[in-house]
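Secondary and tertiary structure notes
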Amino acid sequence: LSSEYPAEVDLPAPKDLKPSYDVVIIGGGGHGLATAYYLSKYHGVTNVAVLEKSYLGGGNTARNTAVIRSNYLTSEGVKFYAESVRMFKELSNEFDFNIMYSERGQLTLAHTDATVRAFRQRAEVNKHFGGRTEMIDRQQIRELVPTLNMDPGHLPVLAGLWHIDGATARHDAVAWGYAKQAAKRGVEIHQLTEVQDFVVENGRIKAVKTNRGTVQCGCAVQAIAGASSLLMNKLGIRAPIHTYPLQAMVTQPFKPFLDPLVSSSALHCYVQQTGRGEVVIGGGSDPYPLYNTRSTLELKEGLLAHAIEMFPFLANARLMRQWAGMTDMTPDYSPIMGRSPIDNYYLDAGWGTWGFKSTPICGKTMAELVASGGKTPALIAPFALERFSTFQQVNEMGATAASH
Ligand code: FAD
């Protein structure tokens, strides 16, 4: 690892850490960088350091399958993700840097009557909040995806949930775009800088202790995805997070054959073709909690069997890469955002398998929270940590692309 940034990013050369910052953001993934960008852009807060233990955007931001959509199940979820999708559409212009936003539409397959009923409800909730989601029948599915096997094994396709706003974007470019624009406004980004502990005085964070020394801060934001509980534990903050590896894989490139993103939660599998022609295949999390990013043969065999049921010609495909990230799963499949029991320590956590699509709106709302000194924006109020003790969970389990 080097402390240099990737050539494409063209950031100012790394500096020494200052003794103190107004805001320290822990984690240089999409969420942390977006928070820094919106703090500097909308609130004029620029005495900010983003501290990243590894390299810029090398965590789950670099490992996800880049699906962007807003067809969630709850009113809170739909409103939040819809705003993120709207912001994503503008990002290339805003950055003057191509994030390769590609609107493909997302198709989720129903294989049972119960799923058809659940999809009807989801379509209606989406429409009610201005989303573009509708039920389609077998014939419409055939026309959208002619290469799809309509009767995979014992699970014939009965209907589909069609979400025309489904899209992908180049995930690295999202992190780099935010980093470039934040740095331009004076934010410092420090790679190879791990936050290892805290100095807490009178219930407030006074400083963060890093592998490069202690840095004082006015407040701190935690945006560290699959490591959330590790730092929360240091502060005695309890949250119902369990961390599971999530794997994905990609085949050799093919001529374009698949425009929409296609997923089936019954088959625990989703498939999409990238602009380069490769087929990205994702599925459910590993069945045991673990802090590790290794790939396994079991997952590869199981997931590919389902992908081949959906698209039989993939049996002849060669697999090029397989990888994993660590995902912080919450009981209701919604994030934990907002204030924490420590007065000036803010949480952007519990992002499980669904947090890439929310990168812009997380950055914007976290920046608002920090700049206002802790006034929670309405859009993220339902995701507060307290919901687990007040029994107000925001259950999005039925809206995941694959069962986890
Ligand atoms: P990250 O990008 O992980 O950034 C956190 C950073 O914090 C990391 O770079 C890490 O090195 C750093 N860090 C950790 N601890 C410390 C410390 N102590 N000090 C300093 N730095 C630290 N979401 C979707 O919306 N759509 C998808 O299609 C999708 N597919 C996925 C597929 C896979 C295989 C995986 C693993 C995840 C997927 N996700 C998806 C989830 C998504 O990737 C994450 O929710 C999202 O990227 C989280 O962004 P982040 O910026 O919070 O985290």
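No experiment lies behind these values; they were computed from the predicted model shown.

1. With respect to the overall build of the protein
A tally of helices and strands in the protein yields 9 helices and 19 strands. For the protein, the C-alpha radius of gyration of 21 Å lies close to 22 Å, the compact-globule estimate for 404 residues. Overall, the protein is about 65 × 45 × 40 Å in size when its C-alpha atoms are taken along their principal axes. For the protein, with 404 residues in total, the buried portion stands at 55%. The long-range fraction of contacts in the protein, counting pairs at least 24 apart against all pairs at least 6 apart in sequence, stands at 76%. Of the roughly 16600 Å² that the protein leaves accessible, carbon and sulfur atoms contribute 50%. If you average the places of the 38 positive and of the 37 negative side-chain charges in the protein, the two averages end up 1 Å apart.

2. Concerning the layout of surface pockets
Of the voids in this model, the second largest pocket is the one considered here, and its volume is about 660 Å³. In terms of lining, the second largest pocket is formed by 25 residues, of which the most central are A169, R170, H171, T274 and R276. Elements that contribute at least two residues to the lining of the second largest pocket include exactly α2 (60-63), α6 (171-184), β15 (269-273), β16 (278-285) and β17 (319-329). Here the lining of the second largest pocket is composed, by residue class, of 8 nonpolar, 10 polar and 7 charged.

3. Examining unusual backbone geometry
Its identity as a non-glycine residue notwithstanding, A66 has a phi of 65 degrees, on the positive side. Its location among the elements puts A66 in the loop between α2 and β3 (67-68). Judged by its relative accessible area of 9%, A66 falls in the buried class. The backbone phi angle of M100 is positive, close to 55 degrees, even though this residue is not glycine. With respect to the helices, strands and loops of the structure, M100 is situated in the loop between α3 (75-95) and β4 (102-103).

4. Notes on the site of the ligand
By nearness alone, 37 residues border the ligand, and E52, N60, T61, T65 and K357 come closest of all. Residue V67 places a main-chain N or O atom 2.9 Å away from an oxygen atom belonging to the ligand. V195 is positioned such that a nitrogen or oxygen atom in its backbone is 2.9 Å from a nitrogen atom of the ligand. Expressed as a share of its isolated accessible area of 1000 Å², the protein-covered part of the ligand is 96%. Top element by residues in the shell around the ligand is α2. It accounts for 3 residues.

5. Focus: the pairing of β15
Burial analysis of β15 places 5 of its 5 residues in the buried class, the great majority of the element. Burial of β15 is two-sided: the residues C269, V271 and Q273 facing one way and the residues Y270 and Q272 facing the other way are all buried. Between the antiparallel neighbours strand β14 (residues 261-264) and β15 lie 4 residues, among them H268 with a positive phi of about 55 degrees. Between the end of β15 and the start of β16, which pair antiparallel, lie 4 residues, with G277 showing a positive phi angle near 100 degrees.

6. Describing the pattern of salt bridges
Tallied over the entire structure, the rule returns 15 salt bridges. When the shortest N-O distance is used, the salt bridge between K89 and D165 registers 3.4 Å. Note that K89 is positioned in helix α3 and D165 in the loop between β7 (159-163) and β8 (167-168), a separation of 76 residues in sequence. Its relative accessible area of 35% is what places K89 among the partly exposed residues.

7. Observations concerning the side chain of Q106
Structurally, the position occupied by Q106 is in strand β5 (residues 106-110). Within the structure, the side chain of Q106 is placed 3.0 Å from the side chain of N71, a separation counted as a polar contact. Residues within four places of Q106 in sequence aside, it is in contact with R69, N71, L161, W162, H163, G166, L261 and S263.

8. Quick notes on the environment of M150
Note on placement: M150 falls in the loop between α5 (138-144) and β7. Taking the C-alpha atoms as reference points, M150 and W354, 204 residues apart in sequence, are found 27 Å from one another. Aside from chain neighbours lying at most four places away, what touches M150 is R138, I141, R142, P156 and V157.

9. Things to note about the sheet that holds strand β6 (residues 133-136)
The strand order across the open sheet formed by 8 strands is β6-β7-β5-β14-β15-β16-β13-β17, and the pairing between neighbours is mixed. For this open sheet the edge positions go to β6 and β17, each flanked by a neighbour on one side alone. Put simply, the sheet's adjacent strands are angled 20 degrees from each other on average, direction ignored. In this structure, β14 lies alongside β15, joined through 3 bridges in antiparallel fashion. Bridged to S263 within β15 is Y270.

10. Here we look at the packing of aromatic side chains
Counting across every chain of the model gives 18 aromatic pairs. An aromatic cluster is defined as three or more aromatic residues linked by ring pairs; in this entry it consists of Y37, Y38, Y42, F95 and Y178.

11. Quick notes on the environment of G213
The residue G213 is located in strand β12 (residues 213-222) in this model. On a C-alpha basis, the gap between G213 and V195 in space is 9.4 Å, while along the polypeptide they are 18 residues apart.

12. So, the confidence of the model for the protein
Per-residue confidence for the protein gives a mean pLDDT of 95; residues scoring 70 or more make up 98%. Here the prediction assigns the complex a pTM of 0.97, and the interface score ipTM is 0.99.

13. Considerations on the side chain of S228
Here S228 shows up in helix α7 (residues 228-234). Given a relative accessible area of 0%, S228 falls into the buried group. S228 has contacts with Q222, I241, D328, A349 and G350, leaving out every residue within four places of it along the chain.

14. Notes on the sheet that holds β3
Within a sheet, adjacent strands bond to each other through the backbone by hydrogen bonds, running parallel or antiparallel. One open sheet holds the 3 strands; their spatial order is β3-β8-β4, and the pairing between them is antiparallel. The sheet is open, and its two edges are formed by β3 and β4, each paired on a single side.

Cut-off values and rules
- Residues numbered from 1 in each chain as written.
- Predicted model: local features only at pLDDT ≥ 70, side-chain atom pairs only at ≥ 80, totals over all residues.
- Heavy atoms only, no water.
- Helix = DSSP H or I, 4+ residues; strand = E, 2+ residues; numbered from the N terminus.
- Rg over C-alpha atoms; globule rule 2.2 N^0.38 Å.
- Buried < 20%, exposed > 50% of the residue type's maximum accessible area, 1.4 Å probe, protein only.
- Contact = heavy atoms within 4.5 Å.
- Areas by Shrake-Rupley, 256 points an atom, 1.4 Å probe, with all protein chains shown as cover.
- Lys, Arg positive; Asp, Glu negative; His and termini not counted.
- Charge placed at Lys NZ, Arg CZ, Asp CG, Glu CD.
- 1 Å grid on protein atoms, 1.4 Å probe; cavity = no way out; pocket = protein on both sides within 12 Å on 5 of 7 lines; lining within 4 Å.
- Points joined across faces, edges and corners; volume = space filled by probe spheres on them.
- Nonpolar A, V, L, I, M, F, W, Y, C, P; charged D, E, K, R; others polar.
- Near = heavy atom within 4 Å.
- Polar contact = N/O pair within 3.5 Å; in protein donor to acceptor, adjacent residues only side chain to side chain.
- Pairing = 2+ DSSP bridges.
- Salt bridge = Lys/Arg side-chain N within 4 Å of Asp/Glu carboxyl O.
- Axes fitted to C-alpha atoms, helices over the stretch in contact; angles between N-to-C directions.
- Phe/Tyr/Trp six-rings, centres within 6.5 Å; stacked < 30°, edge-to-face > 60°.
- pLDDT = per-residue confidence, 0-100.

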